[in-house]
Amino acid sequence: MKKLITLFLFFIGFVTFSQTDDAPLEVTPSVKKVSDTEYDLIFEISIAEDWHLYSQFNPEDASLPMTISPAEGEEGYTLVGKAEESETETEFSEIWGKDEIFFVDEATLVQRITVQDTALTKIMLNLDAQVCKEFCLPFDEDFTFTFSLKGGEVVQTVTELDERSKVLSESLKLDLKNESMLKGATSKESEKKNSSLLNVFLLGFVGGLLAFLTPCVFPMIPLTVSFFTKKNEKNSKSGSGSALLYGFFIVLIYGLLSLPFHFLDTLDPEILNNISTNIWLNIFFFVVLVFFAGSFFGLYELTLPASWTNKADNASSVGGILGVFFMALTLAIVSFSCTGPILGSLLAGSLSSDGGAMLLTSGMVGFGLALSLPFAVFANFPKWMAKLPRSGSWLNTVKVSLGFLELALAFKFLSNADLVGHWNLLKREIFIGIWTILAVLMALYLFGLIGKKYGKVSMFRVLLGVLVLGIAVYLAPGVLQKPTWDQSQLLSGFAPPKFHSIYKQDDNQCPLNLTCFKDIEEGLAHAKEVNKPVILDFTGWACVNCRKMEENIWSQPDIYKMLSNNFIIISLYVDDHQKMLSKEEQFDYIKPNGKLKRIRTYGDKWATLQTANFKIASQPFYVALSPNLEVLNSPEQYTDKDTYEKWLKTSINRFKEIN
């Protein structure tokens, strides 16, 4: 069971994205009438070469079985059992230890339904499956079966929007004027992503250095270095080259872990947002990080299957370049109990951003580089190794300290779920209180007052404990209604926003108690009444940079004054998937790639409005408009105080000019 759990966690990054146009499945839906109340909905599936698709009847404790279900909100019919399947293949899986059932090349699924609403002419089914070769990709799509009844026969018709959907789809397209001002948004987005890549690379590098200082990796240095130094004695060039190659392969292995994400480079731009703000995915990350913290605390050991280690270790003896590669792979597998939790945090952090596959690759490469450098350096300069501290209890101190950091990060993901779900359970003060308690417990551990003791507590541990206790003292006033000092600089983006407070009695859920609208039509109508420019604030409940902008930039006196007096703020939360639109406001929207998107929540509507008009799906994203929808300035994103202040002033001056 432990192997199954750890294997699932190791590959979780590979199974969290939705289907793309380049996925190795092509599905053709069709309908066949059985009786006046029964129909067969048929999926004809073409499977790309070397890929296989798992059956509905695959064992549940193996690779994910396929499921067919009514799409969200569908009613008026019921499914009759599971779909009939065409011929499948069966093969024993060494990973899962049982026979698995799957399709190769092609598959036909026939799902019978019973119709209660005889007026139905459109039915939507969801097909959720897993398609694999060397790695696995998810397939999660809604398929529309559109038909009409003529003379008792089923006549297939082309999927078209009804009149209401056409009208509401058109309403998403804003009649923007002076659209040339929007061109600067793309270059700013590119600059922002380049900056994010560097930031995540550095975070990955720091994570790799921390992993190097854990009990799973640090003690392996002498053994590994001695292997290459013996080669140096025989042939210095060969030994140095092998050591450098060993380091390169470590970087390559961790970089390759992000490879499956690059098969998704034609993603719907909204998918990354949907992933990072998905309630259940955030809860899953919370559970996983708590699980990882438990392994750092020594409650259990997180390991990959021993057979993987044995096979990689045996392969490392073949010699040459291939042998060096398998040595590096052995290190990655053996050290997983310490590196896995750090990699899991890196994965979770990457999915909570909007940089896609390149962001994850950047972090993985940074992690691998930091982990590989010591091995390569000490192998070429073995005398330096004598200056390293000896292995000892300090390694366990590093590991347990990382456990406290994992727990703190876990509550950030639980906070995301709480905000997006509008549960109001993890208010700002409760969140800060939990972090304060964790900091106190970590300080007590470093002082040697709790946890296992390994000899005398060193002066370094005491000093580090004092530092952590200082952080607890800094955090503690945050649980009060009026904190002793402003903690926004450190906590913005991590703690819930200030309006998400146990002390707040009014219903104003706008940043800094500013007046804002949550609906674009209402906001524009008010802007026309008072003749003020508008700021479209595309934001999100789980958006870290949005909170940083609001609490660190919007709070600056000059900027706050301009926002309050000179603008009408329309805050559109793209991840608000809990607030449903009324039945009259819900509609279907055909995306540029031809796929149908169901607009059912305010989050669906505002995310689609952003991508339809501005071709960007990241937040925060600020657009300055006149009440008549004339673009006043190039859109702005996450930035510094001076740049944002200048942007506001330019927008105000432009509005005065056209008035």
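What you are looking at is a predicted structure, and each value in this text was computed from that prediction instead of being measured.

A few words on the pairing of strand β10 (residues 122–132). Every other side chain in a regular strand lies on the same face of the sheet, so the side chains alternate between the two faces. Across the 11 residues of β10, nine count as buried, placing the element largely inside the fold. As judged from the two bridges shared by strand β3 (residues 52–54) and β10, these two strands associate in the antiparallel manner. Looking across to β10, one finds that Leu53 is bridged to Val131. Judged from the four bridges that link them, strand β4 (residues 67–70) and β10 form a sheet pairing that is antiparallel. Opposite Thr67, over in β10, you have Asp128 as the bridge partner.

Here we come to the environment of Arg164. Looking at where Arg164 falls in the secondary structure, it is placed in helix α2 (residues 163–172). Through-space distance from the C-alpha of Arg164 to that of Glu585 is 8.9 Å; in sequence the pair is 421 residues apart. What Arg164 contacts, discounting residues up to four positions off in sequence, is Lys583, Glu584, Glu585, Gln586 and Phe587. Of note is the side chain of Arg164, whose polar atom sits 3.5 Å from the backbone oxygen of Lys583.

The tally for this structure, following the rule as stated, stands at 30 aromatic pairs. Taken together, a centroid distance of 6.0 Å and an interplanar angle of 75 degrees make the contact between Phe499 and Trp541 edge-to-face. With Phe499 in the loop between α15 (488–491) and β13 (516–517) and Trp541 in the loop between β14 (534–539) and α17 (544–553), this pair connects stretches of sequence that are 42 residues apart. On the basis of an interplanar angle of 70 degrees and a centroid distance of 5.3 Å, the ring pair of Tyr622 and Tyr644 is categorised as edge-to-face. Linking Tyr622 in strand β18 (residues 621–625) with Tyr644 in helix α20 (residues 641–658), this pair joins segments that are 22 residues apart in sequence. Residues Tyr622 and Tyr644 agree in their burial class; the two are buried. Among the aromatic side chains, those forming a connected cluster through ring pairs are Phe43, Phe139, Phe143 and Phe145. The ring of Tyr445 is capped by Arg461, whose NZ or CZ atom sits 4.8 Å from the centre of that ring.

According to the stated counting rule, one finds 11 salt bridges in the structure shown. The partner of Asp588 in a salt bridge is Arg600, and the shortest N-O contact between them spans 3.2 Å. Remark: Arg600 occurs in the loop between β17 (596–599) and α19 (602–614) and Asp588 occurs in strand β16 (residues 587–590); sequence separation between them is 12 residues. For the pair formed by Asp588 and Arg600, the shared burial category is buried.

The contact between helix α12 (residues 393–421) and helix α13 (residues 428–446) brings their axes to 11 Å, and the two run at 175 degrees. In terms of axis orientation, α12 runs roughly antiparallel to α13. Here Asn396, Thr397, Val400, Ser401, Phe404, Leu407, Ala408, Phe411, Lys412 and Ser415 of α12 lie close against α13, whose contacting residues are Phe431, Ile434, Trp435, Leu438, Leu441, Met442, Tyr445 and Leu446. Partitioning the contact of α12 with α13 into residue classes produces 13 nonpolar, four polar and one charged.

A contiguous nonpolar surface patch, about 350 Å² in accessible area, is contributed by Phe248, Leu252, Leu256 and Leu259. Residue placement: Leu256 occurs in helix α5 (residues 236–256). With relative accessibility at 42%, the residue Leu256 sits in the partly exposed group.

So, on to the nonpolar core. One finds Tyr246, Ile250, Tyr254, Phe367, Leu371 and Phe375 to be the most contacted residues of the largest nonpolar core, which totals 34 residues. Breaking this core down by element, the ones donating at least two residues are α3 (184–212), α4 (220–234), α5, α9 (320–334), α10 (336–351), α11 (356–380) and α12. Tallying contributions element by element places α11 first for this core, with seven residues. By size, the runner-up hydrophobic cluster in this structure holds 31 residues, among which are Leu407, Ala410, Ala443 and Leu491.

Before going further, it helps to spend a moment on the sheet that holds β14. Spatially, four strands are ordered β13-β15-β14-β18 in an open sheet, and the strand pairing comes out mixed. The open sheet has two edge strands with one neighbour each: β13 and β18. Direction of pairing for β13 relative to strand β15 (residues 568–573): parallel, over a ladder of two bridges. The residue of β15 that forms the bridge with Cys516 is Ile569. Contacting β14, β15 and β18, α17 crosses the sheet at an angle of about 135 degrees to β14. Each of β14 and β18 is contacted by α20, which is oriented at about 20 degrees to β18, the strand it contacts most.

So, on to the confidence of the model for the protein chain. Here the protein chain averages 81 in pLDDT, and 81% of its residues register 70 or above. For residues 1–22, every residue scores under 50 in pLDDT, and the model assigns this stretch 69 contacts once sequence neighbours within four places are set aside. Taken as a whole, residues 265–269 scores under 50 in pLDDT and shows 11 contacts with residues more than four places along the chain or in a different chain.

This brings us to unusual backbone geometry. Omega for the peptide link from Gln619 to Pro620 comes to 0 degrees, which places this bond in the cis form. For Pro620, the location among the structural elements is in the loop between α19 and β18. Phi at Asn513 takes a positive value of approximately 60 degrees, unusual for a residue other than glycine. Asn513 sits in the partly exposed class, given a relative accessible area of 47%.

Definitions and cut-offs
Residues numbered from 1 in each chain as written. Predicted model: local features only at pLDDT ≥ 70, side-chain atom pairs only at ≥ 80, totals over all residues. Heavy atoms only, no water. Buried < 20%, exposed > 50% of the residue type's maximum accessible area, 1.4 Å probe, protein only. Helix = DSSP H or I, 4+ residues; strand = E, 2+ residues; numbered from the N terminus. Pairing = 2+ DSSP bridges. Contact = heavy atoms within 4.5 Å. Polar contact = N/O pair within 3.5 Å; in protein donor to acceptor, adjacent residues only side chain to side chain. Phe/Tyr/Trp six-rings, centres within 6.5 Å; stacked < 30°, edge-to-face > 60°. Lys NZ or Arg CZ within 6 Å of the ring centre and 35° of its normal. Salt bridge = Lys/Arg side-chain N within 4 Å of Asp/Glu carboxyl O. Axes fitted to C-alpha atoms, helices over the stretch in contact; angles between N-to-C directions. Parallel < 35°, antiparallel > 145°, perpendicular 65-115°, else oblique. Nonpolar A, V, L, I, M, F, W, Y, C, P; charged D, E, K, R; others polar. Patch = residues over 30% accessible without salt bridge, like charges linked within 9 Å, V, L, I, M, F, W, Y side chains within 5 Å. Areas by Shrake-Rupley, 256 points an atom, 1.4 Å probe, with all protein chains shown as cover. Core = buried A, V, L, I, M, F, W, Y, C linked by side-chain atoms within 4.5 Å. pLDDT = per-residue confidence, 0-100.

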